[in-house]
Amino acid sequence: MLGGLGRALELEFAGEARGGERRFTIGWLTPLMAIFVMVDLMSFWMFSWTVQRLVTVTPHTLLAVMAFASAYYLAARLVFPADPERFRNLDAHYFRVSRTIFGILIALVAIQWAYLLSIEEIRSALMSARSIWTTLLFVGLMGAAMVFRQRRVQAILLVALIVRYLVLYLLV
C-alpha cells in the first residue's frame, strides 16, 4: 500500500518537475482510504494480540487466520491502482474500488464477531453497549460510504472512520 502511495507521489512530482501540465492528481480520497485501511489493519492485529491467550490454535484456526489476513491484504492492495499511469486522478480509482474495499472490511467485521461470540470468555465483553455501539457506528459509516458517492461525503466519512479509531485507541 505504501508502495502505491510512493508511485503516485512520484508521478505527481515528476510531472511538476518537468514543468509540463499536471497529468496526474492524487486527490484526497485514496490517501484517506489508505490511512483508514492501515489503521483498521493495525486495530485487528492489536485486538488479536490482546485475545491471543483465549484463542485455541488448531489447523482450522490457522487456516481461518490466513484467509482473514489474505482478505485484508486484498483490501489493502486495492487501495492504489497497480498501474497509476492509467488514472489521471486517483479519486477515479477510489470510486472504482471503494465499494469492494468497504465490502471486504464489513465482511471481516461480521466474521470476526461471529468467531469471537463463539468464545465464552469474550462474549460478555463483546456484548457490552459500548462494543455494540462502536461496531454499529463503524459498519454504518462504511455502509454509508458504499451508498453515497459524492466526493465531499466520502471524505467526511473517511475522516470519521479514522477519527473513530483515534478516539477509541488514543483517548478512551
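Residue positions are counted from 1 within each chain, in the order its sequence is given. The model is predicted, so local features are restricted to residues of pLDDT at least 70 and side-chain atom pairs to those at 80 or more, both for listing and for counting; the totals for chains, interfaces and linings are taken over all residues. By convention in this description, side-chain values take in all heavy atoms of the structure and omit both hydrogens and water.

A. Structural detail: the overall build of the protein chain. When helices and strands are counted, the protein chain shows seven helices and zero strands. Each helix and strand of the protein chain, ordered N terminal to C terminal, gives the series α-α-α-α-α-α-α. Partly exposed residues are those whose accessible area sits between 20% and 50% of the maximum for their type, while under 20% is buried and over 50% is exposed, using a 1.4 Å probe and protein chains only. Of all 172 residues assigned to the protein chain, the portion counted as buried reaches 37%. Helix and strand assignments come from DSSP, with helices taken as H or I runs of at least 4 residues and strands as E runs of at least 2, each series counted from the N terminus.

B. Structural detail: the pattern of salt bridges. In what follows, salt bridge is the name for a side-chain nitrogen of Lys or Arg lying within 4 Å of a carboxyl oxygen of Asp or Glu. Counted by the stated rule, this structure contains one salt bridge. Put simply, D91 and R151 hold a salt bridge, and the shortest N to O gap is 3.1 Å. With a gap of 60 residues between them, D91 in helix α4 (residues 90-117) and R151 in helix α7 (residues 151-171) connect regions that are remote in the sequence. Owing to a relative accessible area of 44%, R151 belongs among the partly exposed residues under this scheme.

C. Highlighting the packing of helix α6 (residues 129-147) against α7. Axis definition: a line fit to C-alpha positions, over the contact stretch in the case of helices; interaxial angles, taken between N-to-C directions, run 0 to 180 degrees. It is at 9 Å that the axes of α6 and α7 come closest, and there the two elements cross at 160°. Of the possible angle classes, the one that applies to α6 and α7 is roughly antiparallel. Both α6 and α7 take part in a crossing whose hand is left-handed. Contacts between α6 and α7 involve R130, T134, T135, L137, F138, L141, M142, A144 and A145 on the former and, on the latter, Q154, L157, A160, L161, R164, Y165 and L168. Its residues assigned to classes, the contact of α6 with α7 comprises 11 nonpolar, three polar and two charged. Each angle gets one of four labels, with under 35 degrees taken as roughly parallel, over 145 as roughly antiparallel, 65 to 115 as roughly perpendicular, and the rest as oblique. Note: crossing handedness is left-handed where the near helix turns anticlockwise from the far helix by less than a right angle, and right-handed where it turns clockwise. The contact rule is simple, with two residues in contact once any of their heavy atoms fall within 4.5 Å. Under the scheme applied, nonpolar residues are Ala, Val, Leu, Ile, Met, Phe, Trp, Tyr, Cys and Pro; charged residues are Asp, Glu, Lys and Arg; polar residues are all the others, including Gly.

D. Geometry of the nonpolar core. Core analysis: the largest hydrophobic core is formed by 40 residues, its most contacted members being M33, F36, F102 and L105. Those elements giving two or more residues to this core turn out to be α2 (29-51), α3 (59-78), α4, α5 (120-126), α6 and α7. When residues in this core are grouped by element, the largest group, 11 residues, is from α4. Those residues in contact with F36 that sit more than four places away from it in its chain are F102, L105, F138, M142, L158, L161, I162 and Y165. In plain words, nonpolar cores are sets of buried Ala, Val, Leu, Ile, Met, Phe, Trp, Tyr and Cys residues tied together by side-chain atoms within 4.5 Å.

E. The confidence of the model for the protein chain, seen in detail. On average, residues of the protein chain score 87 in pLDDT, and 85% of them are at 70 or above. When mean pLDDT is compared element by element in the protein chain, α6 scores highest at 96, while helix α1 (residues 2-17) scores lowest at 55. Values of pLDDT, the confidence the predictor places in each residue, fall between 0 and 100.

F. Structural view of α3. Here α3 contains 20 residues, and its C-alpha end-to-end distance of 29 Å stays within 8% of the 28 Å for a straight helix at 1.5 Å per residue. Against the buried residues of α3 lie α2 and α4. By this rule, a helix spans an expected 1.5 Å times one less than how many residues it contains.

G. Representation of the packing of α4 against α7 in the model. In contact at an axis separation of 12 Å, α4 and α7 are set at 50° when each is read in the N-to-C sense. Comparing the axis directions of α4 and α7 gives the class oblique. Helix-helix and strand crossings are classified by hand; for α4 and α7 the assignment is left-handed. Along the contact surface, α4 presents D91, Y94, F95 and F102, while α7 presents R151, Q154, L158 and L161.

H. Representation of α6 in the model. Here α6 spans 26 Å end to end across 19 residues, near enough to the 27 Å set by a 1.5 Å rise per residue. Considered for burial, the residues of α6 that qualify are S131, T134, T135, F138, L141, M142, A144 and A145. Where α6 is buried, its residues meet α2, α4, α5 and α7.

I. Representation of a nonpolar patch on the surface in the model. Taken together, M46, V159, V163, L166, V167, Y169, L170 and L171 make up a surface patch of nonpolar side chains, about 720 Å² in accessible area. Counting residues per element, the nonpolar patch draws most heavily on α7, which supplies seven residues. As for its placement among the helices and strands, L166 is situated in helix α7. Exposure above 30% relative accessible area and the lack of any salt bridge qualify a residue for a patch; like charges then connect within 9 Å, and the nonpolar side chains Val, Leu, Ile, Met, Phe, Trp and Tyr within 5 Å. Only the protein chains shown count as cover for residues, with accessible areas throughout obtained via the Shrake-Rupley method and a probe of 1.4 Å.

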